[in-house]
There are 2 protein chains.
Amino acid sequence: MGIAERKEKQKTEIRKRILDASMKLFVEEGFNNVSIRRIADIIEYSPTTIYLYFKDKDEIFFNLHEIGFQKMQEMNKNLDDIKNPLLRLHKMGENYVHFGMENPEYYDLMFIQPEPMQKLTEMGCEWENGDAALTRLRNTVVECMEKGYIANTDPIVLSLSIWSTVHGLVSLATRQRLDKLVSEKDNVLPMIMHSLNWLINILDISGKGTGGQPSGE
Amino acid sequence: MGIAERKEKQKTEIRKRILDASMKLFVEEGFNNVSIRRIADIIEYSPTTIYLYFKDKDEIFFNLHEIGFQKMQEMNKNLDDIKNPLLRLHKMGENYVHFGMENPEYYDLMFIQPEPMQKLTEMGCEWENGDAALTRLRNTVVECMEKGYIANTDPIVLSLSIWSTVHGLVSLATRQRLDKLVSEKDNVLPMIMHSLNWLINILDISGKGTGGQPSGE
DNA sequence: TTTGGAATATTTACAGTGTTAACTAAATTT
DNA sequence: AAATTTAGTTAACACTGTAAATATTCCAAA
């Protein structure tokens with residue numbers, strides 16, 4: 001069966017080359033300049049060959065969106081050894097913002113572009129990646145409540161609020177909505193971080209900023 | 001000079017027809033299905049005629065983005081007779097969310113699509129519409145602080161935080177990121193409103209929800 | 001070793017896209 | 001009436017995603 005195995009390897013190898021080429025184009029020339037023909041140029045196949053590996057263009061974007069979530073989760077490994085859940089929540093926010101600002105293309109596919117969600121509907125699937133990410137956020141929020149770091153409220157609502165705030169910050173920034181409002185371009189990221197700090201501070205029941213002792217104990 | 005005037009009228013009349021047709025296509029068939037040729041079909045001119053009235057496609061989108069801001073401001077007229085600035089802030093948030101959810105296409109052009117901002121950079125202009133909107137938000141925030149409804153912090157940072165939260169909510173919803181997470185589709189808007197309520201409540205220094213008496217007086 | 005069939009890849013084609021250049025016809029000015 | 005500006009059209013270029021038909025390569029069985 002070594003031969004079927006090798007074929008399988010080759011197949012996934014080419015799929016990977018297609019995804020790499022797509023991402024390269026996406027990063028270097030923007031969403032609208034990723035074309036099947038240019039992907040084909042890069043991997044040195046004819047354009048239609050791509051359709052042997054992906055049903056259509058949107059399926060390529062869906063796969064890139066999944067890779068984005070993998071990358072994000074890798075980045076979040078630094079959360080494991082933060083015992084204080086409020087500090088961990090803060091770091092989660094920082095990671096999220098940094099990921100979005102440093103990988104605007106992946107971020108786009110994960111949270112802005114409609115294509116990956118369309119594909120999901122088409123396949124009749126749940127959004128597992130988003131679901132898992134939101135669950136991790138909610139778990140942290142719940143832990144914060146249980147340990148008395150933040151006030152008790154509906155964890156779902158609070159998770160959505162937190163997510164919305166950081167998503168709002170990142171997406172306004174990457175879609176150039178802050179450039180023309182914040183005085184200097186260099187000040188956008190610091191500004192966002194101030195906003196994130198505000199969020200964590202207002203959540204912090206101790207009112208002492210992150211790292212403060214839990215109030216109920 | 002009546003003749004030059006009539007000509008001017010005709011010119012703006014055709015511009016308006018182009019914008020109307022573009023918006024119609026955008027609303028009914030989505031951003032990617034707005035094509036110069038189909039706009040031309042609707043207004044019953046040849047495709048290239050459109051270039052006599054707009055430099056390129058992006059300029060059309062830029063104009064629609066401006067119309068969106070006009071519509072939003074009209075909607076905000078109901079704020080004028082709210083004296084309590086915190087209640088007004090709450091209503092501003094509600095207006096913003098409703099506007100975005102009911103006019104997702106205008107919202108897209110105003111706060112998500114890159115095209116209008118590109119045009120702005122190209123023209124070397126400021127983002128007057130965004131600037132004005134953010135200023136109105138900041139003024140309300142400042143008034144809330146002055147009258148002791150909310151805690152004193154940097155009004156710029158707080159304005160950005162508030163805007164990010166509501167923008168995050170609306171854009172996650174309109175880009176289908178909440179559909180697959182919130183149990184039923186009908187529950188998305190109520191969920192968003194809960195989140196908005198959470199925001200106003202956490203801002204409210206009295207801790208009594210909107211409408212509570214100002215604490216410092 | 002040759003043959004047959006499956007897997008893989010390419011060529012061709014269709015129907016669409018934004019935009020430019022060249023051209024025509026009507027309106028206005030001289 | 002002639003010249004000139006304005007408004008609009010046709011034709012063309014260089015792209016796009018993708019389906020169908022065709023060609024090539026590969027591997028197993030005869």
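What counts, and at which threshold
- By convention here, each chain's residues receive numbers from 1 onward along its written sequence.
- A letter from A marks each chain and a number from 1 marks each ligand, given out in the order of writing.
- Under the rules for a predicted model, residues below a pLDDT of 70 receive no local features and side-chain atom pairs below 80 are neither given nor counted, while totals for whole chains, interfaces and linings still include all residues.
- Only runs of H or I of at least four residues qualify as helices and only runs of E of at least two qualify as strands under DSSP, and these elements are numbered from the N terminus.
- Three exposure classes are used, based on other C-beta atoms lying within 10 Å of a residue's own C-beta, which is placed from the backbone: buried for 20 or more, exposed for 12 or fewer, and partly exposed in between.
- Our contact criterion uses C-beta atoms placed from the backbone: two residues qualify when those atoms are within 7 Å.
- Residues were grouped as follows: Ala, Val, Leu, Ile, Met, Phe, Trp, Tyr, Cys and Pro as nonpolar; Asp, Glu, Lys and Arg as charged; and all remaining residues, including Gly, as polar.
- A helix's residues, less one, multiplied by 1.5 Å, set its expected span.
- Between N-to-C directions, angles cover 0 to 180 degrees, with each direction set by a line fitted to C-alpha atoms, over the stretch in contact for helices.
- Roughly parallel refers to an angle under 35 degrees, roughly antiparallel to one over 145, roughly perpendicular to one between 65 and 115, and oblique to any angle outside these ranges.
- Rotating anticlockwise by less than a right angle from the far helix to the near helix defines a left-handed crossing, while the corresponding clockwise rotation defines a right-handed one.
- As used here, the arc belongs to the directions running from the helix axis to the C-beta atoms.
- Only the C-beta atom, placed from the backbone, is used; a residue is near a molecule or strand if that atom lies within 6 Å of it.
- Per the annotation, domain bounds derive from an automatic or database assignment of domains.
- Alignment of copies: least-squares fit on C-alpha atoms of residues with pLDDT of at least 70 in both copies.
- For this analysis, nonpolar core means a set of buried Ala, Val, Leu, Ile, Met, Phe, Trp, Tyr and Cys residues linked through C-beta atoms within 7 Å.

Student: Help me understand the overall build of chain A, please; the structure alone is not making it clear to me.
Tutor: Summing up its helical and strand segments, chain A has nine helices and zero strands in all. Listing every helix and strand of chain A by position from the N terminus yields α-α-α-α-α-α-α-α-α. Expressed along its principal axes, the backbone C-alpha trace of chain A runs to roughly 65 × 50 × 30 Å. Split into buried and exposed, the 217 residues of chain A put 35% on the buried side. In chain A, the proportion of contacts linking residues at least 24 apart, taken out of those at least 6 apart, comes to 63%.

Student: When you look at the interface of chain A and chain B in this model, what are you seeing that I'm missing?
Tutor: Think of interface size as the accessible area that goes away when the parts come together; that is how it is often given. Taken together, the 34 residues of chain A in the interface contact 34 residues of chain B. Among the secondary structure elements, those contributing two or more residues to the side of chain A that touches chain B are helix 5 (104-112), helix 6 (115-123), helix 7 (128-146), helix 8 (155-174) and helix 9 (188-203) of chain A. In terms of residue count, the dominant contributor to the side of chain A that touches chain B is helix 8 of chain A (twelve residues). When the residues that make up the side of chain A that touches chain B are grouped by side-chain class, the tally is 18 nonpolar, eleven polar and five charged.

Student: Can you walk me through helix 8 of chain A in this structure?
Tutor: Counting along an α-helix, one turn takes 3.6 residues, and residues three or four places apart therefore face a common direction. Residue and element names in this part refer to chain A. End to end, helix 8 covers 28 Å across 20 residues, agreeing with the expected 28 Å (1.5 Å per residue, within 8%). Across the 20 residues of helix 8, 17 count as buried, placing the element largely inside the fold. Following helix 8 by one or two positions, Gln 176 adopts a phi angle in the positive range, close to 65 degrees.

Student: Explanation requested: the packing of helix 4 (residues 85-102) of chain A against helix 7 of chain A in the structure shown.
Tutor: Working note: a packed helix pair is described by the angle between its axes plus the distance between those axes. Residues and elements named next belong to chain A. It is at 8 Å that the axes of helix 4 and helix 7 come closest, and there the two elements cross at 150 degrees. As far as their axial angle goes, helix 7 and helix 4 are roughly antiparallel. Between helix 4 and helix 7 lies a crossing of left-handed hand. Side by side, helix 4 and helix 7 meet where Pro 85, Leu 86, Arg 88, Leu 89 and Met 92 of the first sit next to Leu 137, Thr 140, Glu 143 and Cys 144 of the second. Of the residues contributing to the contact of helix 4 with helix 7, the split by class is six nonpolar, one polar and two charged.

Student: Looking at this structure, how should I read helix 6 of chain A?
Tutor: All names here are of chain A. Where helix 6 is concerned, the buried positions are Glu 115, Pro 116 and Leu 120. Buried residues along helix 6 cover an arc of 145 degrees about the axis, so they all sit on one side. In this fold, the buried residues of helix 6 make contact with helix 3 (57-75) and helix 5.

Student: For this particular structure, what's the right way to read unusual backbone geometry?
Tutor: With glycine set apart, most residues show a phi of negative sign, and most peptide bonds adopt trans. All names here are of chain A. For Glu 44, which is not glycine, the phi torsion reads 55 degrees and is therefore positive. Take Glu 44: it is sitting in the loop between helix 2 (36-43) and helix 3. According to the C-beta neighbour criterion, Glu 44 is exposed, with 9 such atoms within 10 Å. Phi at Gln 176 is positive, roughly 65 degrees, even though this residue is not glycine. With respect to the secondary-structure elements, Gln 176 resides in the loop between helix 8 and helix 9.

Student: Whenever I open this one, the protein's contact with DNA strand C confuses me. Can you help?
Tutor: In the vicinity of DNA strand C there are 17 residues, among which A:Ser46, B:Ser35, B:Ile36, B:Asp56 and B:Lys57 approach most closely. Elements with a minimum of two residues in the surface near DNA strand C: helix 1 (2-29) of chain A together with helix 2 (36-43) of chain B. It is helix 2 of chain B that provides the largest number of residues to the surface near DNA strand C, a total of three residues. Of the residues belonging to the surface near DNA strand C, the class tally is six nonpolar, five polar and six charged.

Student: Is there a simple way to think about the domain arrangement of chain A in this case?
Tutor: Residue and element names in this part refer to chain A. Entries for chain A in the domain assignment read domain 1 (1-54) and domain 2 (57-203). On a C-alpha basis, the centroid separation for the pair domain 1 and domain 2 is 29 Å. With nine residues of domain 1 at the contact, the number on the domain 2 side is eight residues. Among the elements that line the side of domain 1 that touches domain 2, the one with the most residues is helix 1, at six residues.

Student: Explain the relation of the copies chain A and chain B to me, please; I cannot follow it from the model alone.
Tutor: Relating the two copies of this chain is a rotation about some axis coupled with a shift parallel to it. Between the two copies, chain A and chain B, the superposition gives an RMSD of 0.0 Å; the rotation angle is 180 degrees and the shift along the axis is 0.0 Å. Such values leave the two copies arranged in the relation of a two-fold axis. Looking at the interface residues of chain A, 100% of them are also at the interface in chain B, so both copies use one shared face.

Student: Explain the protein's contact with DNA strand D here, please?
Tutor: Around DNA strand D sit 17 residues in total, of which A:Ser35, A:Ile36, A:Asp56, A:Lys57 and B:Ser46 are the nearest. Of all elements in the fold, only helix 2 of chain A together with helix 1 (2-29) of chain B reach the threshold of two or more residues within the surface near DNA strand D. Tallied by class, residues from the surface near DNA strand D come to six nonpolar, five polar and six charged.

Student: Which parts of the structure should I look at to understand the nonpolar core?
Tutor: Buried together is how nonpolar side chains tend to be arranged in soluble globular proteins. Grouped together as the largest cluster of nonpolar side chains are 98 residues, with contacts concentrated most on A:Val166 and B:Val166. Here A:Val166 is in contact with A:Gly93, A:Tyr96, A:Val97 and A:Leu196, once residues within four sequence places are set aside.

Student: Please explain the environment of B:Met72 as it appears in this structure.
Tutor: Residue and element names in this part refer to chain B. Its location among the elements puts Met 72 in helix 3 (residues 57-75). Given 19 C-beta atoms within a 10 Å radius, Met 72 is considered partly exposed. C-alpha of Met 72 to C-alpha of Phe 99: the two residues are 27 residues apart in sequence and 6.8 Å apart in space.

Student: Looking at this model, I keep getting lost on the packing of helix 4 (residues 85-102) of chain B against helix 8 (residues 155-174) of chain B. Mind explaining?
Tutor: Residue and element names in this part refer to chain B. For the pair helix 4 and helix 8, the least separation of the axes is 10 Å and the interaxial angle reads 20 degrees. For the element pair helix 4 / helix 8, the angle class is roughly parallel. The element helix 4 and its partner helix 8 pack so that their crossing is right-handed. Along its contact with helix 4, which presents Gly 93, Tyr 96, Val 97, Gly 100 and Met 101, the element helix 8 presents Val 166, Leu 169, Val 170, Ala 173 and Thr 174. A per-class count over the contact of helix 4 with helix 8 returns seven nonpolar, three polar and no charged.

Student: What should I look at first to understand the environment of A:Asp179 in this one?
Tutor: Residues and elements named next belong to chain A. Structurally, the position occupied by Asp 179 is in the loop between helix 8 and helix 9. By the C-beta count within 10 Å, which is 16 here, Asp 179 ends up partly exposed. Considering only alpha carbons, one finds Asp 179 and Pro 114, 65 residues apart in sequence, at a separation of 24 Å.

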